[in-house]
Amino acid sequence: MSTGRAAVVTGIGSYVPPNRVTNDDLSARLETSDSWIRSRTGIAERYVVSPGTSTGDLAVEAGLRALKSAGDERVGAVVLATTTPDQPCPATAPQVAARLGLGPVPAFDVAAVCSGFLYGLASAAGLIAAGVADSVLLIAADAFTTIIDPADRTTAVIFADGAGAVVLRAGSPAEPGAVGPLVLGSDGELSHLIEVPAGGSRQRSTGRPAAPRDHFFQMLGRDTYRHAVAHMTAASTEATVRAGWHLSNVDRFVAHQANARILEAVSDRLGIPAERRLSNIERVGNTGAASIPLLLAEATAEGRLAAGHRVLLTAFGGGLSWGAATVIWPELQTI
Amino acid sequence: MLEQLKEILSNKLKVAPEAITPEATREDIELDSLAVVELSLLLKSELGLDISDDDLLEAETVADMVRLMEERSATV
C-alpha cells in the first residue's frame, strides 16, 4: 500500500437532466418494445438532454452538489471525464471551473469513454500526490445521446445522459474515503470495437466528408461483451488483492452500468452475491463515464451505501480501456 | 451432450428447461447474441470446449449446437 498523500473522498453529487424517456417512448419511433429492451439490457427508463443542453451544463450541476456535500466551495483543480465535450477544442473543464466560480485553477478533460471516472480518479489522485493541488473536484459527465444514432436500436435503447462528481482532498491512505490501489489498462488494438469513426483528425485530414453514420457511436456488441466481462473480472480481482482484501470482504460492488447482463456475468464470476451489487441501470440507462459516481451518489443518498462499507469499483469502455479500485466508504453529506 | 447443454442453458442462462428440445431454435429458447457469447464462454469454462460465438450463431437448433459440441469434444 502506498504511504504518500492519498486522495480522500469528502463530497459527492450527481445530476440527470429532467427529460425522462421510457421504453414505450422509444418503441414509438424504433422497432422495439418495453419487454425486448428490459430483457436484453435491464433498462426501463433513462434521462436525456434537451436541445441546447451540453455535457458542461450537466457537469456544473453535479459539481455544485459535490462541493456542497464536501462543505467546501473551493478546490485546487478540476478534472472532467467525458466522451462528449461541449466542443472539440478547448477542453470543457476550464469552462466548468469558471462557471463554478473556482478561479484560475488547473482544469482539464480526461478521455477514457466509460472508464473515464476511474481514469479521472487516477488523474485526481496524481495531482494530489504530486502536490499540484490539495483538493480536486472530479466530475464525470456525458451527454452520450448526442453521439448516438437515434435510428440505431441497438445503442439508442442503452445510452443516456447524466453526471456525477466527487471532491477529493489530500489525506492519509489509512483513513475512510482514501482511494485504494487503482488498476488501469488499455488495448488500442481493439479500438474499433467501440468508436465514433469520423470527426477526428484521421477523417478530417482527408478533406472529404464522412458518411453520416460515421459521425455516430458504433459498438460491436458481442466482442465488447466478451472483453468487458474478462477485463472487469481480472481488474477487480487485482484491485482487491492489491488492497489486501478478499473478494468475500467486498460489501458493495459498483460496476460501470453498461448493461445488466454484463454486470451479472462479472459479479457471478467474482462470486459477489446479488445483495452486495449496487445498480441503477433500470432507471438511468448507461450514462458513460458518469455511471459510477451517479450510482455512488444515489446509493449514498438512499442509504444502500454507507460509511464503513468496503467498496469495489470497476469499469470498462472504448479504447479499449478498463480499471478497478477499492475504497472504504466515508461518512458523506448528501445533497 | 444434450443433457450438459440443457444444464448450462437452464442453470446459467435461465432458459426454461421445458423449452430446450433438440428441435428448438435459438429464437424458441430466446438466446440472443449476448447470450450466445455467454454460452460460448460457459462451454469453455464448464466443459473445456472451444466453440466460438460465430460458430454457435450458425447453429440453427439445439440439436445443431449439440452436434458442434460433439465434433469439438472429439478433436480435443
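Everything discussed here concerns the structure shown above.
One structure accompanies this document, and this report is about it. What you see is a predicted model, and the numbers here were worked out from it, not measured in a lab. (Residues numbered from 1 in each chain as written. Chains lettered and ligands numbered in written order. Predicted model: local features only at pLDDT ≥ 70, side-chain atom pairs only at ≥ 80, totals over all residues. Heavy atoms only, no water.)

### Some words on the pattern of salt bridges
All names here are of chain A.
No. 1: With the rule as written, the count across this model stands at 24 salt bridges over all chains.
No. 2: Between arginine 283 and glutamate 302 there is a salt bridge, with the nearest N and O atoms lying 3.9 Å from each other. Taken together, the positions of arginine 283 in helix α10 (residues 281–284) and glutamate 302 in helix α11 (residues 291–302) put the pair 19 residues apart, joining distant regions of the chain.
No. 3: Note on glutamate 302: relative accessible area 46%, which makes it partly exposed.
No. 4: Among the salt bridges present, the one from arginine 304 reaches glutamate 302, with a minimum N-O distance of 2.7 Å.
No. 5: Owing to a relative accessible area of 28%, arginine 304 belongs among the partly exposed residues under this scheme. (Salt bridge = Lys/Arg side-chain N within 4 Å of Asp/Glu carboxyl O. Helix = DSSP H or I, 4+ residues; strand = E, 2+ residues; numbered from the N terminus. Buried < 20%, exposed > 50% of the residue type's maximum accessible area, 1.4 Å probe, protein only.)

### Some details on the environment of A:Gly76
Residue and element names in this part refer to chain A.
No. 1: Following the sequence through the fold, glycine 76 ends up in the loop between α3 (55–70) and β4 (77–81).
No. 2: Given the relative accessible area of 22%, glycine 76 is considered partly exposed.
No. 3: Setting aside anything within four residues of it in sequence, one finds glycine 76 in contact with Val105, Pro106, Ala133 and Ser135. (Contact = heavy atoms within 4.5 Å.)

### Notes on the sheet that holds strand β6 (residues 135–143) of chain A
All names here are of chain A.
No. 1: Reading across the sheet, the five strands line up as β1-β7-β6-β4-β5 and stay open at both edges, with mixed pairing between neighbours. Taken across any chain shown, the strands that pair with only one partner, and hence form the sheet edges, are β1 (6–15) and β5 (107–110). The sheet shows a mean angle of 20 degrees between the axes of neighbouring strands, taken without regard to direction.
No. 2: In terms of strand pairing, β6 meets strand β7 (residues 161–171) through nine bridges, oriented antiparallel. Residue pairing across strands places alanine 140 opposite glycine 164, the latter belonging to β7.
No. 3: The sheet strands contacting α11 are β1, β6 and β7, and the helix crosses β1 at an angle near 80 degrees. (Pairing = 2+ DSSP bridges. Axes fitted to C-alpha atoms, helices over the stretch in contact; angles between N-to-C directions.)

### Describing unusual backbone geometry
No. 1: Going from A:Cys89 to A:Pro90, the amide bond is cis rather than trans, its omega being 0 degrees.
No. 2: Relative to the elements of secondary structure, A:Pro90 occurs in the loop between β4 and α4 (93–99).
No. 3: Following A:Gly319, the chain continues to A:Leu320 via a peptide bond in cis, the omega torsion being -15 degrees.
No. 4: Tracing the backbone shows A:Leu320 in the loop between β12 (310–317) and β13 (321–328).
No. 5: One non-glycine residue, B:Lys14, adopts positive backbone phi at about 55 degrees.
No. 6: Tracing the chain through its elements places B:Lys14 in the loop between α1 (2–12) and α2 (33–47).
No. 7: The backbone phi angle of B:Glu30 is positive, close to 55 degrees, even though this residue is not glycine.

### Some points on the sheet that holds strand β11 (residues 252–255) of chain A
Residues and elements named next belong to chain A.
No. 1: Strand order in the open sheet formed by four strands is β8-β13-β12-β11, and the pairing between neighbours is mixed. With one partner strand each, in any of the chains shown, β8 (179–186) and β11 form the two edges of the open sheet. Ignoring which end each strand starts from, the neighbouring axes of this sheet average 10 degrees apart.
No. 2: The sheet contact formed by β11 and β12 spans four bridges and is parallel. Each bridged residue has a counterpart across the sheet, and for valine 254 the counterpart in β12 is leucine 313.
No. 3: Seen against the sheet, helix α5 (residues 116–129) touches β8, β12 and β13 and runs at an angle of roughly 120 degrees to β8.

### Details of the interface of chain B and chain A
No. 1: If you look at the interface, chain B gives 11 residues, while chain A gives 10 residues.
No. 2: Of the roughly 1,000 Å² buried between chain B and chain A on both sides combined, carbon and sulfur atoms contribute 47%.
No. 3: Three residues, B:Asp32, B:Leu34 and B:Glu38, lead the burial of chain B against chain A; their summed loss comes to 46% of the area buried on that side.
No. 4: Taken together, the links from chain B to chain A amount to seven salt bridges.
No. 5: One salt bridge in this structure joins B:Asp53 and A:Arg226, with 2.9 Å as the shortest N-O distance.
No. 6: Taken together, the links from chain B to chain A amount to eight residue pairs in polar contact (both at pLDDT 80 or more).
No. 7: It is α2(B) that provides the largest number of residues to the side of chain B that touches chain A, a total of six residues.
No. 8: Grouping the constituent residues of the side of chain B that touches chain A by class yields five nonpolar, one polar and five charged. (Buried area = accessible area lost by both parts, 1.4 Å probe. Polar contact = N/O pair within 3.5 Å; in protein donor to acceptor, adjacent residues only side chain to side chain. Nonpolar A, V, L, I, M, F, W, Y, C, P; charged D, E, K, R; others polar.)

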